[in-house]
Structures are given as C-alpha cells and as structure tokens.
Amino acid sequence: MNILVLCTGNSARSILLESILTHRSDGRITAWSAGSRPAGKVHPQSIALLCEKGFPTDGLSSQSWDDYAKDDAPVMDAVITACGSAAAEDCPYWPGAPLSANWGVEDPAAAKPDDQHAAFADAYRLLHDRAQQLFAMPIETMSRDDLQSALNRIGT
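Residues numbered from 1 in each chain as written. Predicted model: local features only at pLDDT ≥ 70, side-chain atom pairs only at ≥ 80, totals over all residues. Heavy atoms only, no water.

Peer 1: How should the overall build of the protein chain be read in this particular structure?
Peer 2: Tallying secondary structure elements over the protein chain gives five helices and four strands in all. Listing the helices and strands of the protein chain from first to last along the sequence gives β-α-β-α-β-α-β-α-α. Relative to its length of 156 residues, the protein chain is compact, with a C-alpha radius of gyration of 14 Å against a globular reference of 15 Å. Evaluated residue by residue, the protein chain yields a buried proportion of 47% over its 156 residues. Summarising the internal contacts of the protein chain: among those between residues at least 6 apart in sequence, 70% fall at separations of at least 24. A total accessible area of about 7,500 Å² is found for the protein chain, and carbon and sulfur atoms account for 48% of it. With 12 positive and 20 negative side-chain charges, the protein chain shows a separation of 4 Å between the mean positions of the two kinds. (Helix = DSSP H or I, 4+ residues; strand = E, 2+ residues; numbered from the N terminus. Rg over C-alpha atoms; globule rule 2.2 N^0.38 Å. Buried < 20%, exposed > 50% of the residue type's maximum accessible area, 1.4 Å probe, protein only. Contact = heavy atoms within 4.5 Å. Areas by Shrake-Rupley, 256 points an atom, 1.4 Å probe, with all protein chains shown as cover. Lys, Arg positive; Asp, Glu negative; His and termini not counted. Charge placed at Lys NZ, Arg CZ, Asp CG, Glu CD.)

This is how it looks when you write it as structure tokens:
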C-alpha cells in the first residue's frame, strides 16, 4: 500500500508518520510525505526523535505536495493529512483517486522551545498509535469502502 502523508510545512508530523508507516509496517506500506507550503528542511527535533526511536533518517526531506501530483509520481492508495490546516486546504488532483483521511495532531514545532521535546514525543505517540491500528487490519484484503471507513475512524 502506498500512502502520501501531508502537512502544511512537511517538517514534523508528516515526517514522523512517513517514517512510522514505512519502517514499522513490515513492508506492507510505503509512505512518502509532502507539504502545501514546505519548510524546506526537516525540523531538527524530528530527526532527533526518529534517531532516538531507531529510524533511519537518510533521505528525509521537506518537499512540496506538487511533486506527487505529477504523472511520473508513485500512485497512492491513500492520502493522510497529519495536521488540521492541510486537511482544510484544496489539494491537488492525485492520480488514481486515492482514499483520504485526516489524522490531525497538534504541531509540535509550534511549541515553545523548552516544550518541544515533550510536544514531539506526544505527536509521535499519537501517530504511532494510529499507525498501529492500521497495521492491525487486513489492509491488503479490505474493500475500498471498508478501508476508507477504517482510515476515518483511526483519525478520530
């Protein structure tokens, strides 16, 4: 299953969920992330947290969602927004008309510097828990409607 994770800046939440989905799904999911207004760099606390959790960080980047609306982009099965603001934005057309859901989480990068470590840990925990719910499902055999319902339910 191919999943595109979106967030406005693509520096924190979407990067965390991209890593969780790709590296904890036992090869069942490949994820990418992008933003509507990418920050241009991954937040240093995202990198630190992922390293602490044992994730590879090579190749992670903050990029535009326009990169995934091109004809030569990977075909996505689902698009998940990881923040409330990107969920409300007009998204580009995604080739293949993937499923979509919002798994919004508060922006840890917006926390005060002294609070960022805890904010990133909270965001990671929420996203990890949601990903675990998805991993527990037979996503390979679920109908499109059942998978859409499950993605929506996970985000609430």
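We are not done yet, so read on.
Peer 1: Where do I start with the layout of surface pockets in this structure?
Peer 2: A water-sized probe, rolled over the atoms, reveals where empty space remains. By volume, the largest pocket is sized at about 160 Å³. Met 1, Asp 77, Leu 99, Ile 139, Glu 140, Met 142, Ser 143, Arg 144 and Leu 147 are the residues that line the largest pocket. A class-by-class count of the residues in the lining of the largest pocket yields five nonpolar, one polar and three charged. (1 Å grid on protein atoms, 1.4 Å probe; cavity = no way out; pocket = protein on both sides within 12 Å on 5 of 7 lines; lining within 4 Å. Points joined across faces, edges and corners; volume = space filled by probe spheres on them. Nonpolar A, V, L, I, M, F, W, Y, C, P; charged D, E, K, R; others polar.)

Peer 1: Whenever I open this one, helix α2 (residues 44–52) confuses me. Can you help?
Peer 2: The periodicity of an α-helix, 3.6 residues per turn, causes residues three or four places apart in sequence to face the same way. Among the residues of α2, Gln 45, Ser 46, Leu 49 and Leu 50 are the ones counted as buried. The arc that holds the buried residues of α2, viewed along the axis, is 130 degrees, so those residues lie on one side. Exposed and facing more than 90 degrees away from the buried side of α2 are Pro 44 and Glu 52. Residues of α2 that are buried sit in contact with α1 (13–24) and α4 (116–135). Gly 54 lies just past α2 and shows a positive phi near 85 degrees. (Arc of directions from axis to C-beta.)

Peer 1: Just checking my understanding: could you explain unusual backbone geometry for this structure?
Peer 2: If a residue is not glycine, its phi is most likely negative; likewise, a peptide bond is most likely trans. Positive phi, close to 50 degrees, is recorded for Asn 10, a residue that is not glycine. In this structure, Asn 10 sits in the loop between β1 (2–7) and α1. The class for Asn 10 is buried, based on a relative accessible area of 1%. Here the phi dihedral of Asp 26 falls at roughly 55 degrees; this positive angle occurs in a residue that is not glycine.

Peer 1: I tried to follow helix α5 (residues 144–154) on my own but got confused; where do I start?
Peer 2: By the burial criterion, the buried members of α5 are Leu 147, Gln 148, Ala 150, Leu 151 and Ile 154. In a view along the axis of α5, the buried residues occupy a sector of 165 degrees, so they form one face of it. In α5, the exposed positions that point more than 90 degrees away from the buried face belong to Asp 145 and Arg 153. The secondary structure elements touched by the buried residues of α5 are β3 (78–81), β4 (99–102) and α4.

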